[in-house]
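Chain by chain, the residues run as shown.
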Number of protein chains: 2
Amino acid sequence: MAPPRVPLFQFYPHLLLLLFLSFVLIMQTVTPLPVHKAPRLSLHNKDALLISRSRPGGAISANALLDFKTYFYRQTLDHFNYAPQSYATFRQRYVVNSKYWGGQSFNNSPIFAYLGAEAPIDNDLSVVGFLNDNAPSFNSLIVFIEHRYYGKSIPFGTMEEAMKNETTRGYFNSAQAIADYAAILSHIKHQFSAHDSPIIVVGGSYGGMLASWFRLKYPHIALGALASSAPILYFDNITPQNGYYSIVTKDFKEVSDNCYKTIRRSWAEIDRVASKPNGLDILSQRFKTCSKLNNAEELKDYLETIYAVAAQYNRPPNYPVTMVCRGIDGVHNGSDGDVIGRIFAGVVSYKGNKTCYDMNTYNYPSETSIGWQWQTCSEMVMPIGRGQNETMFPAAPFNLDEFIKICSEIYGVPPRPHWITTYYGGHDIKLALNRFGSNIIFSNGLRDPYSSGGVLEDLSESVVAVTTRNGSHCLDILQATKTDPEWLIMQRNTELQIIQGWLTTYYADLKSLNK
Amino acid sequence: MAPPRVPLFQFYPHLLLLLFLSFVLIMQTVTPLPVHKAPRLSLHNKDALLISRSRPGGAISANALLDFKTYFYRQTLDHFNYAPQSYATFRQRYVVNSKYWGGQSFNNSPIFAYLGAEAPIDNDLSVVGFLNDNAPSFNSLIVFIEHRYYGKSIPFGTMEEAMKNETTRGYFNSAQAIADYAAILSHIKHQFSAHDSPIIVVGGSYGGMLASWFRLKYPHIALGALASSAPILYFDNITPQNGYYSIVTKDFKEVSDNCYKTIRRSWAEIDRVASKPNGLDILSQRFKTCSKLNNAEELKDYLETIYAVAAQYNRPPNYPVTMVCRGIDGVHNGSDGDVIGRIFAGVVSYKGNKTCYDMNTYNYPSETSIGWQWQTCSEMVMPIGRGQNETMFPAAPFNLDEFIKICSEIYGVPPRPHWITTYYGGHDIKLALNRFGSNIIFSNGLRDPYSSGGVLEDLSESVVAVTTRNGSHCLDILQATKTDPEWLIMQRNTELQIIQGWLTTYYADLKSLNK
């Protein structure tokens, strides 16, 4: 059921719209769903939609999914406290595919473990094909673990119950989540008699952060990590606030200067029309909204989301940014043009021809939107904003004080905006890691707005960056398809070669240490 | 005030006697106090005693202590939870000596940070001279940080209040403690405008574990760690249970085979005498106990403690094991000898000539005994035991099930005996760390019984072991004295050269990264 809308949201539309950026992996659909702004977007039927609209080859077949067996682990609620309530347990879901696994007897075959992020594991299981695609050649066990407080891994019974109050929410954070993964992976090694099998953890977006942090914090459990599109530097002031929207802007500009200029100009035009006596009627009509707009912000939020999502998931073969711009550029009404008409044409080109367009997307919260809003309001404080004339969007600077105030009012406790860098690091990362740690791949597509907070250069010989100029969010860990461009195939091959190198070295070490 | 004695202790004397091994650093006194068995030993006046009985040069002078300034940091009670009670804070003490510090302007001079362990910081401040001794040549800032729940850093006001119930005790664990250190060290860098100053953390015994774990978990905060006498492998089944007492036995045997044999034979002799109708009277008389023995265990515990402590702190110039054996071997009553008389002569030689010997040492619990008992009963579960005829002591195997049962009864929650290795690792440590991590010195004196659980071989090029054949517990980090033997001076020099190497590399990296 949908929880009541938090009234505060209405007073800080810009602020909150920009802040709650969720990274749920969405698959290669023709029209990616606008999932990156959790608290305001409709995600309630995402999974069903994604699967039904997937292109052939874009999702793991139902048949392949049958190879996965579901388990539940009795997980400790609080790993870092010894009060009786900390010992409470919850059922945490993980699924295992042992079809390709060589086992311990076959040279201690490896384990590929996908670390779940801010969503139920089901969708990732369908679209994150990297593990399945490569398990046969590595003879690897495949594991997907669900993140606490999502899907079927929710303490206190239900999401509603878990998020109900300040006490039940407290255990919902990244340190507890990766400790969960440590416990489950140790358990799996025992369960499958795989003591010496090396584990490679894989994650995307927030899950990519978790994968890289897991390798750093639990090197005795994971041999290496593939961290896809993990903006681990988008904390504190490490990355400029406008990193995200600067890349969205660049993406559009690269496709079409006219498109970019039209969008840039459109916000003032929308405001101008909206300020007329019947302005909202006009805009509602022109954008074919399903219900009358309550204010211009609704429309602007909707458009902003489309542009951001198009850029974040700007994937082959359709390249959503190109689709939007094709619409915008396709309408010719003279040199000045009809900006409103052009923008709407962009929407139609991207969303398809519909009888109406639903802009009231805030009323259908999903587990992801509920959970991720909490996570960003507690520890995952990413200062994403933009100043005046820095991007093609209106100014919406990130204001930490304001953010703290709002989150405190919503949740009763303030965020800890510096905790992520205290616990995991981030500042001067090359200085810190050039002689510490090993075996992490930070992969990024440079067209992904989140790449602005990613690790884009090698930090050491084995903590490396793999980037693609044309790549988008988490593209490399999705299932390979026949239409994948050459650069994507090459990126995956590079990653596989690096991982193979880690394994080769590990097996040599294992042998030389006389195990 | 002294909390009531837990009745359970009386029923499991052997078990508990062996388990609660505390590592409080004690200074080079003529007769080290028996501090390693926390719950049963008198520590209430340890600090005063230690300072008054110190040899010249063995403790930092009162004058030098004046260079330290005391601060209190407002510390977060629970770093890994976001419930309102987690945000509660407590005052955590740290002391800083900036007399020798070059500052940021002078080549980003380093910070030497001592990580407090299971005791108030005061005593360590007096005896851990390694930082003070070497600060002048490194131009380093000196910091000592007190461990939560000890000294003046106790949440909830008092130790009594803090340990009162299951909720207030829950926050008392190592992960929270090193997170405290991360927060305080980050704060100190800010406070002293020392952003680019490298931090070297130093710790001994349990504090040595914390130092090595801190470097592993927070490499972005500490450049390196000197972990003195840190038995990080004395968890799960990594180290044989009898490691500790095997080394105690070896230490005695090396000094004198006769002494070793006498001790080995003495337990049965004590039991034989005790079993006589007036046996306890006889033993009380012969051992000049201050009050009549209640049972033979009291005496055996007392003796066992003397031997263990003598071995653990078997320091130059007096070498307590030699002292004990000098007493035991010095009494000649024919070839069979009077075993009881010999053993008592060992006590006198070690403790000095007294009007009586107090064997009721369990009634004066200290912060250390109270705190460390909790720590060992929650997460620091070190399976220290010994089988039949494995050592010079009577059998007293470690029984995990029994241990869990007892701790659960005392504290209401069971220990988590596998958590330390899950969170910090330990199994197959060379395989895990030979290509991960850097800049840790594990120093051990091989006569220290705890060295059995230490890292005694290099794990990689910069995670190294520095051992001394004749060294004892934490000897290297104590203040240098004029009577230090050559091998001890060399050990410290080796450590300093390694640390200097880390710093040199760091400064070169700092420069080359254009900071």
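Residues numbered from 1 in each chain as written. Chains lettered and ligands numbered in written order. Predicted model: local features only at pLDDT ≥ 70, side-chain atom pairs only at ≥ 80, totals over all residues. Heavy atoms only, no water.

Undergrad: Just checking my understanding: could you explain the overall build of chain A for this structure?
TA: Within chain A one finds 21 helices and eight strands. The buried share among the 515 residues of chain A stands at 64%. Just so you have it, chain A exposes about 17700 Å², and 52% of that area is on carbon and sulfur atoms. (Helix = DSSP H or I, 4+ residues; strand = E, 2+ residues; numbered from the N terminus. Buried < 20%, exposed > 50% of the residue type's maximum accessible area, 1.4 Å probe, protein only. Areas by Shrake-Rupley, 256 points an atom, 1.4 Å probe, with all protein chains shown as cover.)

Undergrad: Explanation requested: the interface of chain A and chain B in the structure shown.
TA: When the parts come together, some accessible area is lost, and that loss is often what is quoted as the size of the interface. The interface is formed by 57 residues belonging to chain A together with 57 residues belonging to chain B. Summing the contributions of chain A and of chain B, the shared interface buries around 4800 Å²; its carbon and sulfur component is 59%. Area buried by chain A at its contact with chain B is led by Tyr82, Arg416 and Phe436 of chain A, which between them contribute 18% of it. A salt bridge links Asp509 of chain A to Arg435 of chain B; its shortest N-O distance comes to 2.6 Å. (Contact = heavy atoms within 4.5 Å. Buried area = accessible area lost by both parts, 1.4 Å probe. Salt bridge = Lys/Arg side-chain N within 4 Å of Asp/Glu carboxyl O.)

Undergrad: So what exactly am I meant to see when it comes to helix H17 (residues 367-378) of chain A here?
TA: Every α-helical turn comprises 3.6 residues, leaving residues that sit three or four positions apart pointing alike. Here H17 of chain A is twelve residues long and its end C-alpha atoms lie 16 Å apart, about the 16 Å a rise of 1.5 Å per residue gives. Most of H17 of chain A is tucked away, with ten of its twelve residues classed as buried. (Expected span 1.5 Å × (residues − 1).)

Undergrad: Would you explain the pairing of strand S7 (residues 440-445) of chain B in this entry?
TA: Residues and elements named next belong to chain B. S7 sits mainly inside the fold: six of its six residues count as buried. Covered by surrounding structure in S7 are Ile440, Phe442 and Asn444 together with Ile441, Ser443 and Gly445, the residues of both alternating faces. For strand S6 (residues 224-228) and S7, the ladder comprises four bridges, and the chain directions are parallel. Within S7, the residue paired with Leu226 across the bridge is Ile441. (Pairing = 2+ DSSP bridges.)

Undergrad: Before we go on, may I ask you to explain the packing of aromatic side chains in this structure?
TA: The geometry of two aromatic rings is summed up by the distance between their centres and the angle between their planes. All names here are of chain B. Summed over the entire model, instances satisfying the criterion amount to 66 aromatic pairs over all chains. Judged by centre distance (5.8 Å) and plane angle (85 degrees), the ring pair of Phe68 and Phe144 falls under edge-to-face. Separated by 76 residues along the polypeptide, Phe68 in strand S1 (residues 68-76) and Phe144 in strand S4 (residues 141-145) bring together distant segments of the chain. Here Phe68 matches Phe144 in class, with each residue buried. Ring geometry for Tyr307 and Phe393: centres 6.4 Å apart, planes at 45 degrees, overall tilted. (Phe/Tyr/Trp six-rings, centres within 6.5 Å; stacked < 30°, edge-to-face > 60°.)

Undergrad: Even after reading the chapter, I still don't get the relation of the copies chain A and chain B, so can you show me in this structure?
TA: Put simply, the two copies of the chain differ by a rotation about an axis and a shift along that axis. The two copies are related by a screw motion: chain A maps onto chain B through a turn of 180 degrees and a shift of 0.0 Å along the axis, at an RMSD of 0.0 Å. Those values place the two copies in the arrangement expected of a two-fold rotation axis. If distances are taken from each C-alpha of chain A to the rotation axis, the shortest is found for Gly437 of chain A, at 2.4 Å. Most of the interface of chain A is mirrored in chain B: 100% of its interface residues are interface residues there too. (Least-squares fit on C-alpha atoms with pLDDT ≥ 70 in both.)

Undergrad: How should I be thinking about the pattern of salt bridges in this particular structure?
TA: Pairing of side chains with opposite charge becomes possible as their charged atoms draw close. Residue and element names in this part refer to chain A. Enumeration over the complete set of coordinates arrives at 36 salt bridges over all chains. Among the salt bridges present, the one from Arg148 reaches Asp180, with a minimum N-O distance of 2.7 Å. Taken together, the residues Arg148 in the loop between strand S4 (141-145) and helix H7 (159-162) and Asp180 in helix H9 (residues 174-191) connect sequence positions 32 residues apart. Take Arg148: its relative accessible area is 0%, and that puts it in the buried class. A cluster of three or more residues bridged by salt bridges with shared partners is formed by Arg93, Asp122 and Glu146.

Undergrad: How do you make sense of the sheet that holds strand S3 (residues 111-115) of chain A when you look at a structure like this?
TA: Strand pairing in a sheet is mediated by backbone hydrogen bonds. Such pairs are either parallel or antiparallel. Residue and element names in this part refer to chain A. The sheet built from eight strands is open, its strands ordered S1-S2-S4-S3-S5-S6-S7-S8 with mixed pairing. In the strand order of this sheet, the two ends are held by strand S1 (69-76) and strand S8 (463-468), each with one partner. When the angles between neighbouring strand axes are averaged without regard to direction, this sheet yields 20 degrees. (Axes fitted to C-alpha atoms, helices over the stretch in contact; angles between N-to-C directions.)

Undergrad: Is there a simple way to think about the confidence of the model for chain A in this case?
TA: Atomic detail in the predicted coordinates should be set aside for any region of low pLDDT. Residue and element names in this part refer to chain A. Residues with a pLDDT of 70 or more make up 87% of chain A, whose mean pLDDT is 88. Residue range residues 1-57 is modelled with pLDDT below 50. Its contacts to residues more than four positions away, or to other chains, number 184 contacts. The ipTM for the predicted assembly is 0.91, set against a pTM of 0.92. (pLDDT = per-residue confidence, 0-100.)

Undergrad: Explain the packing of helix H12 (residues 257-274) of chain A against helix H15 (residues 320-330) of chain A here, please?
TA: Two measures define how a pair of helices packs: the angle their axes make with one another and the distance between the axes. All names here are of chain A. Direction vectors running N to C along H12 and H15 enclose 80 degrees, while the axes themselves pass 9 Å from each other. Taken as axis vectors, H12 and H15 run roughly perpendicular relative to one another. Across the interface between the two elements, Asn258, Cys259, Thr262 and Ile263 of H12 pack against Cys325, Ile328 and Asp329 of H15. For the contact of H12 with H15, the per-class residue count stands at four nonpolar, two polar and one charged. (Parallel < 35°, antiparallel > 145°, perpendicular 65-115°, else oblique. Nonpolar A, V, L, I, M, F, W, Y, C, P; charged D, E, K, R; others polar.)

Undergrad: Looking at this structure, I do not really get the state of the cysteines. What am I missing?
TA: Here a disulfide denotes one covalent bond, and it connects the sulfur atoms of two cysteines. All names here are of chain A. Applying the stated criterion across every chain, the model contains six disulfides over all chains. Residue pairing for Cys377: its cysteine sulfur links by disulfide to Cys407, the two sulfurs lying 1.9 Å apart. Taking the torsion about the sulfur-sulfur bond, which here is approximately -75 degrees, the covalent link between Cys377 and Cys407 counts as left-handed. A residue pair is termed long-range when its members are at least 10 positions apart, and Cys377 in helix H17 and Cys407 in helix H18 (residues 400-411) qualify at 30 residues. Just as Cys377 is buried, Cys407 falls in that class too. (Disulfide = S-S within 2.5 Å.)

Undergrad: How should the pairing of strand S2 (residues 89-97) of chain A be read in this particular structure?
TA: The side chains of a regular strand alternate between both faces of the sheet. Residues and elements named next belong to chain A. The element S2 is extensively covered by neighbouring structure, given that seven of its nine residues are classed as buried. Pairing geometry for S1 and S2, over eight bridges, is antiparallel. The partner of Thr76 across the bridge, within S2, is Thr89.

Undergrad: Explanation requested: the environment of Leu280 of chain A in the structure shown.
TA: Turning to its location among the elements, Leu280 of chain A is positioned in helix H13 (residues 279-286). For Leu280 of chain A and Ala296 of chain A, which are 16 residues apart along the polypeptide, the C-alpha to C-alpha distance reads 7.1 Å.

Undergrad: Hey, could you run me through the sheet that holds strand S3 (residues 111-115) of chain B in this one?
TA: Residues and elements named next belong to chain B. Judged by pairing direction, the sheet is mixed, and its eight strands sit side by side in the order S1-S2-S4-S3-S5-S6-S7-S8 without closing on themselves. In the strand order of this sheet, the two ends are held by S1 and strand S8 (463-468), each with one partner. Averaged over all adjacent pairs, the angle separating strand axes in this sheet is 20 degrees, with direction ignored. Here helix H21 (residues 486-512) sits on the sheet in contact with strand S5 (199-204), S6, S7 and S8, set at roughly 175 degrees to S7.

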